[in-house]
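Residue-level structural notes
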Amino acid sequence: MNKSKKIVISIAVVAVVVIGVFALSRGDNGTNENAHTNYLMTEELQEAPVMNGFGDEEIGTYAYIKINSGYFNMLTPDDYLEFAKANVKDSGYLYVTIISSDGNGARWAAGVIDFLSFGKVDAEGQLKEQTAQWQLVNDKYEDITEQWKAEQAELQEK
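Here's what I pulled together on the structure shown here. Everything numeric here is computed off the predicted structure, so don't read it as measured data.

1. Side note on the nonpolar core
One finds Tyr80, Ile98, Trp108 and Tyr141 to be the most contacted residues of the largest nonpolar core, which totals 24 residues. Looking at this core, the elements that each hand over two or more residues are β2 (58-67), α3 (77-87), β3 (95-100), β4 (104-109), β5 (115-121) and β6 (127-137). For this core, the leading source of residues is α3, giving four residues. Not counting residues up to four positions away in its chain, the partners in contact with Tyr80 are Leu40, Phe72, Leu75, Ala106, Trp108, Leu116, Phe118, Trp134 and Tyr141. With eight residues, the next largest nonpolar core counts Tyr62, Tyr95, Ile99 and Val121 among its residues.

2. Some points on the side chain of Thr97
With respect to the secondary-structure elements, Thr97 resides in strand β3. Once residues lying within four places of it in the same chain are set aside, the contact partners of Thr97 are Ala63, Tyr64, Ile65, Ala106, Arg107, Val121 and Gly125.

3. Quick word on the environment of Phe118
Tracing the backbone through its elements, the reader meets Phe118 in strand β5. In this structure the C-alpha to C-alpha distance between Phe118 and Gln130, which are 12 residues apart in sequence, comes to 5.7 Å. Other than its neighbours up to four places away in sequence, Phe118 contacts Phe72, Tyr80, Gly105, Ala106, Leu127, Glu129, Gln130, Thr131, Ala132 and Trp134.

Definitions and cut-offs
Think of each chain on its own: its residues are numbered from 1, step by step along the sequence as written. Reporting of local features is limited, given that this is a predicted model, to residues whose pLDDT is at least 70; pairs of side-chain atoms are given and counted only at 80 or more, and all residues count toward the totals for whole chains, interfaces and linings. To obtain the side-chain values, all non-hydrogen atoms of the structure were used and water was disregarded. The criterion is simple. A nonpolar core is a set of buried Ala, Val, Leu, Ile, Met, Phe, Trp, Tyr and Cys residues joined through side-chain atoms within 4.5 Å. Only protein chains enter the accessibility calculation, which uses a 1.4 Å probe; a residue whose area is less than 20% of its type maximum is buried, one above 50% is exposed, and one in between is partly exposed. By definition, any uninterrupted DSSP run of H or I lasting at least four residues is a helix, any uninterrupted run of E lasting at least two residues is a strand, and each is numbered from the N terminus. Note on contacts: a residue pair qualifies if any of its non-hydrogen atoms lie within 4.5 Å across the two residues.

Next comes the structure, spelled out in structure tokens:
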């Protein structure tokens, strides 16, 4: 092997080693393990009928997804907003619910993404006990739970 081929091979080996060290220093072994996954966008939206109070007439449709509680607890406000823009806004559903495997959930009402309610959900995806409230402000969800609780307490006093 001539000298120029040895130099080219040496340069190639050094380049591969440098790229490998760089990838390992990023902690991803060539993949992006640190990337955040929006698990709401990986689940298929299901539909179910909404029945009247007597249970004898369908009055609309709601949509839901079921998600593992571990994933549910990892969701960010941006995850909810991405999902809401893609699946809730102007959808025509009476409500859309995220149902966690531990019985907690999040719910939007009537295709409106401005408010997102959290709490315990029932089998029909309705909130049985609301524990938190978020509001969309400047294209970001903000936690307004304390304000919401104060308003609820004030209403109960009346």
